[in-house]
Amino acid sequence: GTLVLALAITVIETALIVSLMLSGGEHTAALARDTLYATVMIICNGVVGLCLLLGGARHRVQQFKVAGTGPALAALVALSTLTLVMPVFTTSSPEGTYTTAQLAFVAVASTALWAVFVFVQTVRHRDYFLPDENAEDGSLHAEPPGKLQALLSGGLLMLALVAVVGLAKALSPGIEDIVEAASLPKAVVGVLIAVVVLAPETWAAVRAARANRLQTSMNLALGSALASIGLTVPAVVVASVWLALPLHLGLAPKDMA
């Protein structure tokens, strides 16, 4: 469930970024960077913090497995450094950018790192990411869906994603207009995109924390951040190279710190 939700919001995030890049040209070269940076910061500080606060207020003491959360944070650090920090130090292209060959490597490496983490999470060390048995949520031991139910749910999910992506494209000009009308920095567009796509993830993570399933909250939050970089970056890179769109990934020194 956490994996499906992460994939769904990544599709929406990518659609918003690419549609804005297509309409904005040079002015949106840093949009992908701003959105990814905002996503990581909102998740690691806002979503995780909110889950800890609300879960702790209700249950006083909660537990999660360091064996699962530690590797997730390690993978997130590696992905963030590769996509947002390294472009500042490369010398083959202007500061903050990658060459086409470097972009191809980053896209492949990001996807591979995300895929390895998902394999560890769902197959190799699945028990590291499972909630404790004393969780107060009946869905913890829910029966797997039947084949027909799974197929119907998958089809409806695809239909809903197509509808949401279409709405996202219609929403894109409105986001830019709001930011311009308020005389806000361009980076605020990326923050707004991150807030929109993280809303369902945040709701699910908070519900899990309040049900005393803090491990599920961590899986949702950090898994979303990993998917956001590991899957959005390759899609944006392909769009950038294929459509000759400018792409600026490097962070400012303050943001790197």
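Heads up: these notes are all about the structure in this document. Model, not experiment: these values are computed from the prediction.

Considering the packing of helix 6 (residues 187-210) against helix 7 (residues 214-243)
In a pair of packed helices, the angle between the axes and the distance between the axes together describe the arrangement.
Next, step 1: Between helix 6 and helix 7, whose axes approach to 7 Å, the crossing angle comes to 165 degrees. By the angle between their axes, helix 6 is roughly antiparallel relative to helix 7. Classified by chirality, the crossing of helix 7 by helix 6 is left-handed. Across the interface between the two elements, L198, E201, A204, A205, A208 and A209 of helix 6 pack against L214, T216, S217, L220 and S224 of helix 7.
Next, step 2: Taken together, the residues of the contact of helix 6 with helix 7 sort by class into 7 nonpolar, 3 polar and 1 charged.

Some points on the packing of helix 1 (residues 2-24) against helix 7
Next, step 1: In the contact formed by helix 1 and helix 7, the axes pass within 8 Å of each other and the chain directions differ by 35 degrees. When the axes of helix 1 and helix 7 are compared, the crossing they make is right-handed.
Next, step 2: A per-class count over the contact of helix 1 with helix 7 returns 15 nonpolar, 9 polar and 1 charged.

Points about helix 1
Next, step 1: Helix length check: helix 1, at 23 residues, gives a terminal C-alpha distance of 33 Å against a target of 33 Å (1.5 Å per residue), a fit within 8%.
Next, step 2: G25, located one to two residues past helix 1, shows a positive phi value of around 65 degrees.

A closer look at unusual backbone geometry
Next, step 1: Phi is positive for S183, close to 55 degrees, though the residue is something other than glycine.
Next, step 2: Topologically, S183 is positioned in the loop between helix 5 (147-181) and helix 6.
Next, step 3: Owing to a relative accessible area of 66%, S183 belongs among the exposed residues under this scheme.
Next, step 4: Despite not being glycine, A244 shows a phi value in the positive range, around 55 degrees.
Next, step 5: Looking at where A244 falls in the secondary structure, it is placed in the loop between helix 7 and helix 8 (253-256).
Next, step 6: In this structure A244 comes out as exposed when scored by relative accessible area, which is 66%.

Comments concerning empty space enclosed by the protein
Next, step 1: Tallying each qualifying case throughout the model produces 2 cavities of 30 Å³ or more.
Next, step 2: In this structure, the largest cavity spans a volume of roughly 90 Å³.
Next, step 3: Every residue lining the largest cavity is listed: T2, L3, A6, W114, F117, V118, Q121, N219, G223, L226 and A227.
Next, step 4: Elements that contribute at least two residues to the lining of the largest cavity include exactly helix 1, helix 4 (100-124) and helix 7.
Next, step 5: Broken down by class, the residue content of the lining of the largest cavity amounts to 7 nonpolar, 4 polar and no charged.
Next, step 6: Taken as a whole, the second largest cavity spans an internal volume of roughly 40 Å³.
Next, step 7: Mapped by element, the contributors of at least two residues to the lining of the second largest cavity are helix 3 (66-85), helix 4 and helix 7.
Next, step 8: With 5 residues, the top contributor of residues to the lining of the second largest cavity is helix 7.
Next, step 9: Considered class by class, the residues forming the lining of the second largest cavity number 6 nonpolar, 5 polar and no charged.

Thoughts on the layout of surface pockets
Next, step 1: The computed volume of the second largest pocket comes to approximately 260 Å³.
Next, step 2: The wall of the second largest pocket is formed by 16 residues, among which V40, M41, S80, D255 and M256 lie closest to the centre.
Next, step 3: At the level of secondary structure, the elements contributing two or more residues to the lining of the second largest pocket comprise helix 2 (31-59), helix 3 and helix 8.
Next, step 4: A per-element tally of the lining of the second largest pocket places helix 3 first, with 7 residues.

Describing the environment of A204
Next, step 1: Tracing the sequence through the fold places A204 in helix 6.
Next, step 2: In sequence terms A204 and L220 are 16 residues apart; their C-alpha atoms lie 7.7 Å from each other.
Next, step 3: Aside from chain neighbours lying at most four places away, what touches A204 is L5 and L220.

Some thoughts on a nonpolar patch on the surface
Next, step 1: A cluster of nonpolar side chains, L22, V238, W242 and L243, forms an exposed patch at the surface whose accessible area comes to about 470 Å².
Next, step 2: With respect to the helices, strands and loops of the structure, V238 is situated in helix 7.
Next, step 3: A relative accessible area of 51% places V238 in the exposed class.

With respect to the environment of L16
Next, step 1: Position of L16 among the secondary structure elements: in helix 1.
Next, step 2: Sequence spacing of L16 and A187 is 171 residues, and the spatial spacing of their C-alpha atoms is 14 Å.
Next, step 3: Those residues in contact with L16 that lie beyond four places of it in its chain are A168, S172, I175, I193 and V197.

Rules used in this analysis
- Residues numbered from 1 in each chain as written.
- Predicted model: local features only at pLDDT ≥ 70, side-chain atom pairs only at ≥ 80, totals over all residues.
- Heavy atoms only, no water.
- Axes fitted to C-alpha atoms, helices over the stretch in contact; angles between N-to-C directions.
- Helix = DSSP H or I, 4+ residues; strand = E, 2+ residues; numbered from the N terminus.
- Parallel < 35°, antiparallel > 145°, perpendicular 65-115°, else oblique.
- Left-handed = near helix turned anticlockwise from the far one by under 90°.
- Contact = heavy atoms within 4.5 Å.
- Nonpolar A, V, L, I, M, F, W, Y, C, P; charged D, E, K, R; others polar.
- Expected span 1.5 Å × (residues − 1).
- Buried < 20%, exposed > 50% of the residue type's maximum accessible area, 1.4 Å probe, protein only.
- 1 Å grid on protein atoms, 1.4 Å probe; cavity = no way out; pocket = protein on both sides within 12 Å on 5 of 7 lines; lining within 4 Å.
- Points joined across faces, edges and corners; volume = space filled by probe spheres on them.
- Patch = residues over 30% accessible without salt bridge, like charges linked within 9 Å, V, L, I, M, F, W, Y side chains within 5 Å.
- Areas by Shrake-Rupley, 256 points an atom, 1.4 Å probe, with all protein chains shown as cover.
- Salt bridge = Lys/Arg side-chain N within 4 Å of Asp/Glu carboxyl O.

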